[in-house]
Amino acid sequence: MQRTQQGLTPHFDADIMQETIAAVHQPRWTEWETLEVQTLAVFARDGMFDAASRAELVRRRPATQRIDLRGGTHDAHLDAFDEWIQLLRIWLR
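Residues numbered from 1 in each chain as written. Predicted model: local features only at pLDDT ≥ 70, side-chain atom pairs only at ≥ 80, totals over all residues. Heavy atoms only, no water.

(A) Structural detail: the overall build of the protein. Of the regular secondary structure elements, the protein holds 5 helices and 4 strands. From first element to last, N terminus to C terminus, the protein shows the α and β order β-β-α-α-β-α-β-α-α. Overall, the C-alpha framework of the protein stretches about 40 × 35 × 25 Å when taken along its three principal axes. Counting all 93 residues of the protein, 19% fall into the buried class. (Helix = DSSP H or I, 4+ residues; strand = E, 2+ residues; numbered from the N terminus. Buried < 20%, exposed > 50% of the residue type's maximum accessible area, 1.4 Å probe, protein only.)

(B) Molecular detail of the packing of aromatic side chains. One pass over the structure, following the stated rule, counts 1 aromatic pair. Arranged with centres 5.7 Å apart and planes meeting at 80°, the rings of Phe43 and Phe49 form a pair that is edge-to-face. The class of Phe43 is buried, set by a relative accessible area of 4%. By relative accessible area, which is 41% here, Phe49 ends up partly exposed. Between the NZ or CZ atom of Arg61 and the centre of the ring of Trp32, over which it lies, the distance is 5.4 Å. (Phe/Tyr/Trp six-rings, centres within 6.5 Å; stacked < 30°, edge-to-face > 60°. Lys NZ or Arg CZ within 6 Å of the ring centre and 35° of its normal.)

(C) Seen up close, helix H3 (residues 51-59). Turning to H3, its buried residues number three or more, namely Arg54, Leu57 and Val58. Seen end-on, H3 carries its buried residues on one side only, within an arc spanning 90°. H3 presents Ala52 and Arg59 as exposed residues on the side facing more than 90 degrees away from its buried surface. (Arc of directions from axis to C-beta.)

(D) Broad picture of the environment of Ala80. As for its position among the elements, Ala80 is in the loop between helix H4 (76-79) and helix H5 (81-92). Look past the residues within four positions of Ala80 in its chain and what remains in contact with it is Leu69, Gly71 and Gly72. (Contact = heavy atoms within 4.5 Å.)

(E) Just the confidence of the model for the protein, in detail. Residues with a pLDDT of 70 or more make up 100% of the protein, whose mean pLDDT is 91. No element of the protein has a lower mean pLDDT than helix H1 (residues 14-21), at 82, and none a higher one than strand E3 (residues 40-43), at 96. (pLDDT = per-residue confidence, 0-100.)

Next comes the structure, spelled out in C-alpha cells:
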C-alpha cells in the first residue's frame, strides 16, 4: 500500500500481479472443504462474487460464518473500512 492524498492505495507491479492472480481462477473446493478452523467469509455489496458464488462457498462448508457488508467493492478493507473493521472486531471477540 502507498499513502496518497486519497488515502492508502494499492501499489504493485502489473506483471507480478498478473502472474500471481492467474491461479485464482482455478477452483480450490477440496482445500476449502477440508479446512478445520473457524472461518469468516466477508462479502462486499459490490464485490467480485455474485449471489450464487457466495451461497456456494457457504454451502460447501456450512461451518463458515458469512457477513455481507452494506457497502464496498473487492477492496472493502479500503473503501468500506469502518464497517469492515467493526464487523471484524465483533467476529474476533
